[in-house]
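# Survey of secondary and tertiary structure
Now for the letters of each chain:
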Amino acid sequence: MSGDQQNETDDKNKVVIDTGESEQPQTRMVTVVIMGKPALVPDDATIMRAIEYSGQQIIRGAGCREGFCGTIYRLPGDYRIHTGLACTTLVQEGMALSQIPSVPLEKAVYDLEKLTPDVDTIKALYPVTFRCVACGTCTKACPQGLQVMDYIQSAMRGDIAELMELSYECVGCGLCALRCPSEIIQHKVAILGKRLYGRYLRKESKELDIRIQQVKNHEYDGEYAELMSLGREALSERYYARDTE
């Protein structure tokens, strides 16, 4: 394809917003397939934004922003199924995606005060963990790039500290459990490990103790009351305007 032909093709994928003033920055559009339906969306959109741009309303899900968390998708000419988080994964031309709002599972119910931070607790609450065949599929499926198989191996050894450390950044999307041939619920084992560590093994933190005492002294009651008085729209505006890293 010549340079002129390429430019003509690129121009067709651009949308110019005419405001009557100076020309605005151009937005390149790409075609993606969302849950079986094609949609034209901005190429700098995340999957979550693309879903909304296509006219679908996200009203319930498992994500941190009232939306879907785990996403699986394929790309043109690629046989592999890829995984990603809907809030961070950018769309690509020809992407075909499906949303996984939650993964069916049997969640263990327990009293944290009656548990011990060892392998016996893992055996009692999530015995399926010990079906792990160390295939690495869960690690490959993790959109966070976590060493999921390694933290499951830590759980099998009863190394709660390492289980917590390796799974610390897990957001619970469940894509590891979705792909696991042994049908382990990895992200729930991770949550158990973090709770056990926090209750029984964590190091003392003076800063945390100070903050807890401040809460007990009602130092934040005013801010809490203010937030409780806000409507949904005002709360949403405050949430998205906050400083984050």
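Look up a bit, the structure's there.
Below or above, wherever it landed, is the structure these notes cover. Just so it is clear, the model here is predicted, and its values are computed rather than measured.

This part covers the overall build of the protein chain. When helices and strands are counted, the protein chain shows 11 helices and six strands. Split into buried and exposed, the 245 residues of the protein chain put 32% on the buried side. Long-range contacts, defined as pairs at least 24 residues apart, comprise 55% of the intrachain contacts of the protein chain with a sequence gap of at least 6. Counting only carbon and sulfur atoms, one obtains 50% of the accessible surface of the protein chain, whose full area is about 16100 Å².

So, about the packing of helix α5 (residues 148–157) against helix α8 (residues 186–201). At a minimum axis distance of 10 Å, the contact between α5 and α8 shows a crossing angle of 55°. In terms of their interaxial angle, α5 and α8 are classed as oblique. The chirality of how α5 crosses α8 is left-handed. Residues Val 148, Tyr 151, Ile 152 and Ala 155 of α5 form the contact with α8, whose participating residues are Gln 186, His 187, Val 189 and Ala 190. Grouping the amino acids of the contact of α5 with α8 by side-chain chemistry returns six nonpolar, two polar and no charged.

Turning to the nonpolar core, a few remarks are in order. Counting 25 residues, the largest nonpolar core has Val 148, Leu 163 and Leu 192 as the members making the most contacts within it. Grouped together as the second largest cluster of nonpolar side chains are 17 residues, Val 30, Ile 34, Ile 47 and Met 95 included.

Another aspect to go through is the side chain of Ser 154. Within the secondary structure layout, Ser 154 lies in helix α5. Its relative accessible area of 0% is what places Ser 154 among the buried residues. In this structure Ser 154 touches Asp 159, Glu 162, Leu 163 and Leu 166, once residues within four positions along its chain are discounted.

Attention shifts here to the pairing of strand β2 (residues 27–34). The two faces of the sheet receive side chains in turn, since in a regular strand these alternate between them. Summarising the sheet, β2 and strand β3 (residues 37–42) pair through six bridges and their orientation is antiparallel. By the bridge assignment, Val 32 is partnered in β3 with Ala 39. Hairpin connection from β2 to β3: two residues lie between these consecutive antiparallel strands, with Met 35 at a positive phi of about 50°. By the bridge criterion, two bridges tie β2 to strand β6 (residues 96–100) in an arrangement that is parallel. Following the sheet pairing, Val 33 is matched in β6 by Ala 96.

Of the two faces of strand β5 (residues 82–85), both are covered, the one formed by His 82 and Gly 84 as well as the one formed by Thr 83 and Leu 85. Where strand β4 (residues 70–74) meets β5, four bridges bridge the pair, whose relative direction is antiparallel. In the strand pairing of β5, Thr 71 is matched with Gly 84.

With that settled, consider the packing of aromatic side chains. Given two aromatic rings, one states the distance between the centres and the angle between the planes to describe the pair. Under the definition given, this model contains one aromatic pair. We note Arg 199 situated over the ring of Tyr 200; from NZ or CZ to the ring centre the distance is 4.8 Å. In this arrangement the basic side chain of Arg 242 is found over the ring face of Tyr 239, its NZ or CZ atom lying 3.8 Å from the centre.

Here we take up the side chain of Gln 214. Mapped onto the secondary structure, Gln 214 falls in helix α9 (residues 206–216). Here the side chain of Gln 214 touches Tyr 220 through a polar contact of 2.9 Å, side chain to side chain. In this structure Gln 214 touches Glu 219 and Tyr 220, once residues within four positions along its chain are discounted.

With 16 residues, α8 should cover 22 Å at 1.5 Å per step; its first-to-last C-alpha distance of 21 Å lies within 8% of that length. Gln 186, His 187, Lys 188, Val 189, Ala 190, Leu 192, Gly 193, Leu 196 and Tyr 197 are the residues of α8 that are buried. Check the buried side of α8 and you find it contacts α3 (119–125), α4 (137–141), α5, α6 (160–167) and α7 (175–179).

Turning next to unusual backbone geometry. With a phi angle near 55°, Ala 134 is a residue other than glycine that sits in the positive phi range. Looking at the secondary structure, you find Ala 134 in the loop between α3 and α4. Here Ala 134 falls in the partly exposed class, since its relative accessible area comes to 42%.

Conventions we followed
- Residues numbered from 1 in each chain as written.
- Predicted model: local features only at pLDDT ≥ 70, side-chain atom pairs only at ≥ 80, totals over all residues.
- Heavy atoms only, no water.
- Helix = DSSP H or I, 4+ residues; strand = E, 2+ residues; numbered from the N terminus.
- Buried < 20%, exposed > 50% of the residue type's maximum accessible area, 1.4 Å probe, protein only.
- Contact = heavy atoms within 4.5 Å.
- Areas by Shrake-Rupley, 256 points an atom, 1.4 Å probe, with all protein chains shown as cover.
- Axes fitted to C-alpha atoms, helices over the stretch in contact; angles between N-to-C directions.
- Parallel < 35°, antiparallel > 145°, perpendicular 65-115°, else oblique.
- Left-handed = near helix turned anticlockwise from the far one by under 90°.
- Nonpolar A, V, L, I, M, F, W, Y, C, P; charged D, E, K, R; others polar.
- Core = buried A, V, L, I, M, F, W, Y, C linked by side-chain atoms within 4.5 Å.
- Pairing = 2+ DSSP bridges.
- Phe/Tyr/Trp six-rings, centres within 6.5 Å; stacked < 30°, edge-to-face > 60°.
- Lys NZ or Arg CZ within 6 Å of the ring centre and 35° of its normal.
- Polar contact = N/O pair within 3.5 Å; in protein donor to acceptor, adjacent residues only side chain to side chain.
- Expected span 1.5 Å × (residues − 1).

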